[in-house]
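Read off the chains here:
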Amino acid sequence: MVEPVTTSDTPWLEADAEPLIRIKGVSKKFGDFTAVNNVDLDIYQGELFCLLGGSGCGKTTLLRMLAGFETPTAGQIFIDGVDMVDVPPYERPTNMMFQSYALFPHMTVEKNVAFGLKQDKVPKDEIAERVHNILKLVELEEFKKRKPQQLSGGQRQRVALARALVKEPKVLLLDEPLAALDKKLREQTQFELANIQEQVGVTFVVVTHDQEEAMTLSTRIAVMDKGEFQQIGTPTEIYEFPDNRFVADFIGSANIVEGKVIEDGSDYVLVSTDLGDVHIDHEDSVKEGSQVWVAIRPEKIQLSKTDPGKSGPNHITGKVDDIGYLGEMSIYLVRLESGQIVDVTSPNQIRPRTKSQGITWEDEVYLSWESSSVMLLNK
Ligand code: ATP
């Protein structure tokens with residue numbers, strides 16, 4: 001087990017905390033194409049950090065540069081204070097867990113896990129003890145004599161994890177670690193992975209395109225697009241305080257509409273949009289007349305069939321255009337008089353009394369939301 005260097009849960013907020021990984025002005029070009037463009041990032045000991053972005057955004061290239069499989073075109077990577085420029089992959093304090101798991105099919109679980117230690121000429125007794133401990137941690141002891149094809153997808157994933165962790169790297173790099181699993185198993189495995197990471201204290205850097213996975217797993221997330229970071233923050237910061245439209249739209253869903261600032265009050269802003277005049281809690285000054293975007297998450301909008309009364313400044317009526325019934329919640333697409341479609345989600349907390357009860361297509365509905373729930377974006 002690795003002892004955390006810092007005891008803080010949020011070392012990135014501490015001015016004097018030393019990062020375990022420092023990425024400084026790193027770029028990677030393939031010919032004329034820039035896959036990673038001048039990125040800076042500090043990752044701290046014990047973090048489970050996700051690089052999140054769509055296909056081709058450069059996240060795998062960045063991970064491969066940390067592993068030493070790619071060389072940066074510009075910039076520097078430090079791990080534990082050491083410049084990695086001349087350090088080959090096998091001498092780096094990192095280990096990589098590949099998407100395909102890359103297990104040896106002819107070897108048992110035990111032998112797969114022991115393989116790297118044997119190659120490093122670790123004494124036999126120590127190998128046996130470390131393999132035993134790590135298999136216990138990933139709850140695979142009873143399967144140690146099986147071969148990979150005799151295991152489920154989730155179990156194979158845990159063998160790959162054990163094999164990577166048994167070498168006690170300072171940093172474990174995981175490329176889409178759960179992509180090979182089906183949805184239900186993936187959800188369950190997300191928690192297991194986070195649990196194991198917490199127990200071993202090894203810093204994990206995970207590449208994923210799955211925002212739900214990133215939100216569940218991470219201490220912090222870097223949202224990437226076109227080789228650049230759009231935002232770096234905790235899951236809550238990224239979801240509730242997105243820096244721009246790309247992040248607001250990429251993480252979860254949001255109703256994003258363009259608007260013009262019509263009033264800049266001391267603690268609010270009024271913006272004219274296709275959702276009507278939207279009142280937003282906002283302390284900073286915004287230029288009247290400027291173009292902005294207003295974003296509201298679907299779950300932050302209240303929807304009712306009856307007039308709830310005008311208790312707050314943000315309310316509007318519309319007609320239900322479409323409904324998606326998902327069991328635990330429903331999605332409503334509501335068309336406003338302006339033609340704007342608003343996406344609203346509502347938890348199905350109360351079971352309808354009859355099969356036909358509830359809101360249905362073409363119903364006139366009332367929408368309202370809190371001024372504090374609206375996100376004001378200027379890019
Ligand atoms: P995905 O989730 O699809 O793997 P990604 O975000 O991991 O996407 P990268 O694999 O980092 O993306 O690739 C970023 C860009 O760099 C892509 O446009 C890709 O085609 C390009 N690229 C990656 N490796 C090479 C290479 N060896 N030669 C040329 N172009 C490359």
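The present account deals with the structure reproduced in this document. (Residues numbered from 1 in each chain as written. Predicted model: local features only at pLDDT ≥ 70, side-chain atom pairs only at ≥ 80, totals over all residues. Heavy atoms only, no water.)

A closer look at the overall build of the chain
Then step 1. Of the regular secondary structure elements, the chain holds eight helices and 20 strands.
Then step 2. When its C-alpha atoms are laid out on the principal axes, the chain stretches across 75 × 50 × 40 Å.
Then step 3. Counting across all 379 residues of the chain, residues that qualify as buried make up 47%.
Then step 4. Contacts spanning at least 24 positions in sequence make up 66% of the contacts within the chain whose residues lie at least 6 apart.
Then step 5. Of the roughly 19,800 Å² of accessible surface on the chain, 48% is carried by carbon and sulfur atoms.
Then step 6. In the chain, which carries 40 positive and 59 negative side-chain charges, the distance between the mean positions of the two groups comes to 10 Å. (Helix = DSSP H or I, 4+ residues; strand = E, 2+ residues; numbered from the N terminus. Buried < 20%, exposed > 50% of the residue type's maximum accessible area, 1.4 Å probe, protein only. Contact = heavy atoms within 4.5 Å. Areas by Shrake-Rupley, 256 points an atom, 1.4 Å probe, with all protein chains shown as cover. Lys, Arg positive; Asp, Glu negative; His and termini not counted. Charge placed at Lys NZ, Arg CZ, Asp CG, Glu CD.)

Overview of the pairing of strand β7 (residues 171–175)
Then step 1. Burial runs high along β7: five of the five residues are buried.
Then step 2. Here β7 shows a buried face lined by Val171, Leu173 and Asp175 and a second buried face lined by Leu172 and Leu174.
Then step 3. One ladder, built from five bridges, connects β7 with strand β8 (residues 203–208); its direction is parallel. Residue pairing in the sheet places valine 171 in a bridge with threonine 203 of β8. (Pairing = 2+ DSSP bridges.)

A short note on the pattern of salt bridges
Then step 1. The final tally for this structure, using the stated rule, is 17 salt bridges.
Then step 2. A salt bridge links glutamate 192 to arginine 158; the shortest N-O distance between them is 3.6 Å. Of the two residues, glutamate 192 is situated in helix α5 (residues 183–200) and arginine 158 in helix α4 (residues 153–165); the sequence distance between them amounts to 34 residues.
Then step 3. Among the salt bridges present, the one from aspartate 321 reaches arginine 335, with a minimum N-O distance of 3.1 Å. Highlighted residues: aspartate 321 in strand β16 (residues 315–325) and arginine 335 in strand β17 (residues 329–336), separated in sequence by 14 residues.
Then step 4. With a relative accessible area of 38%, arginine 335 lands in the partly exposed category. (Salt bridge = Lys/Arg side-chain N within 4 Å of Asp/Glu carboxyl O.)

Side note on the environment of arginine 186
Then step 1. If you trace the backbone, arginine 186 turns up in helix α5.
Then step 2. Put simply, arginine 186 and leucine 63 are 123 residues apart on the chain and 21 Å apart in space, counted from C-alpha to C-alpha.
Then step 3. Among all residues touching arginine 186, those that are not within four sequence positions of it are Leu178, Leu181, Asp210 and Glu213.

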